[in-house]
Amino acid sequence: MSANRQTWIQLFEQGDVRALSRLISWVENANGEIPAELKPIFSRVGRAFRLGITGPPGAGKGTQADLLAKALNLAPFDIGSYLEAVVHDPQNRRDKFIQRQRQIFDGGKICDPAWVAKISGGRIRTIAKAGLGMVLSGALRTVLETFGKRTGGLIHILEQVYGRKNIFFFLL
C-alpha cells in the first residue's frame, strides 16, 4: 500500500472527513471492491442509521436508496431529484440565479456546489428536525459541495444534525 493511502486511512481514523473523499475515490478506482486495507475500517462502523450512496451515473444509487429507506424506515433524499424540482418549480421562474442553475442542470452539468449545499442542507435539516433518519443519494459530487470552502458543506451539515458516528457512506 502506498504511503499516501496509509496517510488517508490514518487521517480518516482521526476524524478528518476530507480524507473520506480520497478513500471513496480509491474504492471507485478499484471497481467498487473494498481494498483489503480498508476492511478494518468497515468492520468498526457498527450500526449506522444515516446512509450515503455514491457511484457513477446509472449505477442504481436512487433505486438502492429507495429500497434501503423503505426497509429501514428512513427518509429517502435524492439530491438530484430535489435539484430538478427546485430548478423547474414555476415559482422560481423569475429568479435569475435559479434559471442559470436550470440551464446548467438541464445541460447535464453540475450546478453551483455552494448553492447545492445550501438548499440541500436546508432540506437535510428539515428531515432531521422531524426526527427522521435518512438515506442520502445523488450528492457529494464535488469537494466544495461536500466540504464547503471552510465549513458549510454537506458533510458538515450531516455531522451537525446527526453526529459523525451516525453517518455511513458506501459505494455501488
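Starting afresh in each chain, residues are numbered from 1 along the sequence in its written order. Totals for whole chains, interfaces and linings use every residue, but because this is a predicted model, local features are given only for residues with pLDDT of at least 70 and side-chain atom pairs only at 80 or more, for both listing and counting. With hydrogens and water stripped out, all remaining heavy atoms of the structure feed into the side-chain values.

Brief notes about the overall build of the protein chain
Secondary structure elements are taken from DSSP: a helix is a run of H or I of four residues or more, a strand is a run of E of two residues or more, and numbering for both begins at the N terminus. A tally of helices and strands in the protein chain yields nine helices and four strands. For the protein chain, the α and β elements follow one another from N to C terminus as α-α-α-β-α-β-α-α-α-β-α-α-β. For the protein chain, the proportion of its 172 residues judged to be buried stands at 38%. Long-range contacts, defined as pairs at least 24 residues apart, comprise 64% of the intrachain contacts of the protein chain with a sequence gap of at least 6. Classification of residues uses two cut-offs on accessible area relative to the type maximum, computed with a 1.4 Å probe and protein chains only: under 20% is buried, over 50% is exposed, and between them is partly exposed. In this analysis, two residues are considered to be in contact whenever any of their non-hydrogen atoms come within 4.5 Å of each other.

Digging into the environment of Met-134
Looking at the element boundaries, Met-134 is found in strand S3 (residues 134-137). For the pair formed by Met-134 and Ala-69, sequence separation is 65 residues and the distance between their alpha carbons is 7.0 Å.

Describing the side chain of Thr-146
Structurally, the position occupied by Thr-146 is in helix H8 (residues 143-147). In contact with Thr-146, other than residues within four places in its own chain, are Leu-140, Arg-141, Gly-153, Leu-154, Ile-155 and His-156.

A word on the packing of aromatic side chains
Classification of ring pairs rests on two measures: the distance between centres of Phe, Tyr or Trp rings, Trp counted by its six-membered ring, which must be within 6.5 Å, and the angle between planes, read as stacked under 30 degrees, edge-to-face over 60 and tilted in between. Going through the model one piece at a time under the given rule, you end up with two aromatic pairs. Here the aromatic rings of Phe-77 and Tyr-82 are separated by 5.4 Å at their centres, their planes lie at 70°, and the arrangement is edge-to-face. With centroids separated by 6.0 Å and ring planes inclined at 70°, the aromatic side chains of Phe-97 and Trp-115 adopt a geometry described as edge-to-face. Separated by 18 residues along the polypeptide, Phe-97 in helix H6 (residues 96-106) and Trp-115 in helix H7 (residues 113-129) bring together distant segments of the chain. Under the relative-accessibility criterion, Trp-115 is labelled buried at 9%.

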